[in-house]
Structure formats: structure tokens, C-alpha cells
Amino acid sequence: MTTARDRGLAAALADARDRPDGEERCAELERIASRADATGDPRTALSARFALVEAYLHLGERWRAVEPVRRMRETVARHPGLLDARPDELTRLRRHQRQAVEALFGTPRVGLDQARSLLDTLAGELGEDAAPVAELRCRVADHLGDEPAARRAYERWSAADATDPVVAVRGAPRRGGPTCWPGGVTRRRRWRRSRRR
């Protein structure tokens, strides 16, 4: 049964989605998500945070998506069946989780612990050898300059790609980013040194 309070939050969420992009819209979505948390409405909290993450991404502020993604993960953990009937939302959540981890590469505003925590959660769900997890582990290790860890993750990533029918049709496993393959860190350092001369 839908109560007046639920209709109020749903109407507020619909109004917030119709607002123009910007800080006011983001602030309203965050307020709705917090109010939904306080009133015990996980569905509305999740919907508001999905809209909030997408607003941040649209504004080009990927780093701001880290906290709402973390909160969405907490909500899903507290209410395990919340996304069972909505596989598309689970896919969106995983995509946003990946984007939040990738924010580490573009700004110092995302802490390594935050990115690793989100990556560990994704690994717990998909498995350590899943291609997205291995790719992100490779990229994080490369970003930190940890070549041995990057090599190990790259090997898992390549093995996962080899079993992926889409990648297998195209041929060899993808090479990752410009530096996320064996020797990538060393190559990047050499390139940087050559540019300084």
C-alpha cells in the first residue's frame, strides 16, 4: 500500500529529475535520498542515488559519484532482495561502481582506500578473476606503479578475456589501457623521462 509519505517522496523525486542540471538538482536528489533513508524507503533512496550519480557524471564530476555509489551498495547489502526483480538496475549499479573506481585515476579527491573498497565489493560479487575486476586491479596497480601486481592482474584479465565469447571472436585479448600490460609502467616511466629532456 502506498502512503501519502511515499507519494510525497516519489513526487519530490519526479520533480527533482525534471530540474535542470546543476547544483540545485544534485542537492535536492541528495536530500530526497537522505529522507528516504530516514523513513525506511530503500527503493526511493536507491532511485534518488541513481539519479544523483547520473547527474554527477553528466556534469563531468565522476569523483562525486563515489559516495552515492557506496551508499547504494550499503542499501543493497541491507536489503538483499531489492534488485532481484531488476537486473538492469544491478547492471547499472555495477557500471557506476566501476566508474567510481576509475575516478581514482583522474583526481586526487578519490582516496585509494575508497577505490579499493568499491573494487573489493565488486570482486566479492563477480569473483576475483572476472574480467572487469581483473582489469580494474591491473589499472589500479599500474596507477600506483606496482608492476608485479599489474602483471598478475593482467594475466587474470587476459585469461578472463580468452573465455569471453565476444572477445574470442575478435581475436587476441584486449591490451587494456595504454600502460596496463606487462612492462607498461616501465614504458610510461621511460616516456616521461624522454619528455623531460
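Every value quoted in this text rests on a predicted model; they were computed, and no experiment measured them.

Definitions and cut-offs
Residues numbered from 1 in each chain as written. Predicted model: local features only at pLDDT ≥ 70, side-chain atom pairs only at ≥ 80, totals over all residues. Heavy atoms only, no water. Helix = DSSP H or I, 4+ residues; strand = E, 2+ residues; numbered from the N terminus. Contact = heavy atoms within 4.5 Å. Areas by Shrake-Rupley, 256 points an atom, 1.4 Å probe, with all protein chains shown as cover. Expected span 1.5 Å × (residues − 1). Buried < 20%, exposed > 50% of the residue type's maximum accessible area, 1.4 Å probe, protein only. Arc of directions from axis to C-beta. Salt bridge = Lys/Arg side-chain N within 4 Å of Asp/Glu carboxyl O. Axes fitted to C-alpha atoms, helices over the stretch in contact; angles between N-to-C directions. Parallel < 35°, antiparallel > 145°, perpendicular 65-115°, else oblique. Left-handed = near helix turned anticlockwise from the far one by under 90°. Nonpolar A, V, L, I, M, F, W, Y, C, P; charged D, E, K, R; others polar. Core = buried A, V, L, I, M, F, W, Y, C linked by side-chain atoms within 4.5 Å. Phe/Tyr/Trp six-rings, centres within 6.5 Å; stacked < 30°, edge-to-face > 60°.

## A word on the overall build of the protein chain
(1) Moving on: Within the protein chain, the secondary structure is distributed over 10 helices and zero strands.
(2) Moving on: Each helix and strand of the protein chain, ordered N terminal to C terminal, gives the series α-α-α-α-α-α-α-α-α-α.
(3) Moving on: Contacts in the protein chain between residues far apart in sequence, at least 24 positions, make up 52% of those at least 6 positions apart.
(4) Moving on: Looking at the protein chain as shown, the accessible area adds up to about 10900 Å², and 51% of this sits on carbon and sulfur atoms.

## Focus on helix α8 (residues 147–163)
(1) Moving on: In this model, α8 (17 residues) spans 24 Å end to end at C-alpha, consistent with the 24 Å of a helix rising 1.5 Å per residue.
(2) Moving on: What α8 keeps buried is the set E147, A149, A150, A153, Y154, W157, S158, A160 and D161. End-on, the buried residues of α8 take up no more than an arc of 165°, which puts them together on one face. For α8, the exposed residues lying more than 90 degrees away from the buried face are E155, A162 and T163.

## Notes on the pattern of salt bridges
One side chain can pair with another of opposite charge once the charged atoms of both are near each other.
(1) Moving on: Tallying each qualifying case throughout the model produces 24 salt bridges.
(2) Moving on: Across the salt bridge formed by E89 and R86, the nearest N and O atoms sit 3.8 Å from each other.
(3) Moving on: Taking the relative accessible area as the measure of exposure, E89 reaches 10% and is therefore buried.
(4) Moving on: A relative accessible area of 34% places R86 in the partly exposed class.
(5) Moving on: The salt bridge partner of R98 is E135, with a shortest N-O separation of 2.6 Å. One end of the pair, R98, is in helix α5 (residues 87–102); the other, E135, is in helix α7 (residues 131–144), with 37 residues separating them in the sequence.
(6) Moving on: Overlapping salt bridges, with partners in common, bring together D37, R49, E67, R70, R71 and E74 in one network.

## Some remarks on the environment of R78
(1) Moving on: For R78, the position within the fold is in helix α4 (residues 66–78).
(2) Moving on: Classification of R78 as exposed rests on a relative accessible area of 51%.
(3) Moving on: In this structure the C-alpha to C-alpha distance between R78 and P42, which are 36 residues apart in sequence, comes to 9.1 Å.

## Notes on the packing of helix α2 (residues 23–39) against helix α3 (residues 42–58)
(1) Moving on: Running from amino to carboxyl end, α2 crosses α3 at an angle of 160°, the nearest separation of the two axes being 8 Å. Relative to α3, the element α2 is oriented roughly antiparallel. Helix-helix and strand crossings are classified by hand; for α2 and α3 the assignment is left-handed. For the pair formed by α2 and α3, the contact residues are C26, L29, E30, I32, A33, S34, A36 and D37 on the first element and T44, A45, A48, R49, A51, L52, A55 and Y56 on the second.
(2) Moving on: Each residue belonging to the contact of α2 with α3 can be placed in one class, and the counts come to 11 nonpolar, two polar and three charged.

## Comments concerning the packing of α3 against α4
(1) Moving on: At their nearest, the axes of α3 and α4 sit 9 Å apart, and the two run at 155° to each other. It follows that α3 is roughly antiparallel to α4 by the angle criterion. Taken as a pair, α3 and α4 cross one another with a handedness that is left-handed. Residues P42, L46, R49, F50, L52, V53 and Y56 of α3 form the contact with α4, whose own contacting residues are P68, V69, R71, M72, T75 and V76.
(2) Moving on: Of the residues contributing to the contact of α3 with α4, the split by class is 10 nonpolar, one polar and two charged.

## Side note on the nonpolar core
(1) Moving on: Grouped together as the largest cluster of nonpolar side chains are 25 residues, with contacts concentrated most on L46, M72 and V101.
(2) Moving on: Going through the elements one at a time, α3, α4, α5, α6 (112–126) and α7 are the ones with two or more residues in this core.
(3) Moving on: With residues near it in sequence (within four places) discarded, V101 still touches A115, L118, L119, L136 and V140.
(4) Moving on: Among the nonpolar cores identified, the runner-up in size contains 15 residues, and L9, L13, A33 and A55 belong to it.

## Focus on the packing of aromatic side chains
(1) Moving on: Under the criterion given, the structure shown has one aromatic pair.
(2) Moving on: With a centroid separation of 6.1 Å and 85° between ring planes, the pair formed by Y154 and W157 is classed as edge-to-face. Here the residue Y154 and the residue W157 both occupy positions in helix α8, the gap between them amounting to three residues, near one helical turn. Grouping residues by exposure puts Y154 and W157 together as buried.

These results come straight from atomic positions and should not be treated as a statement about function.
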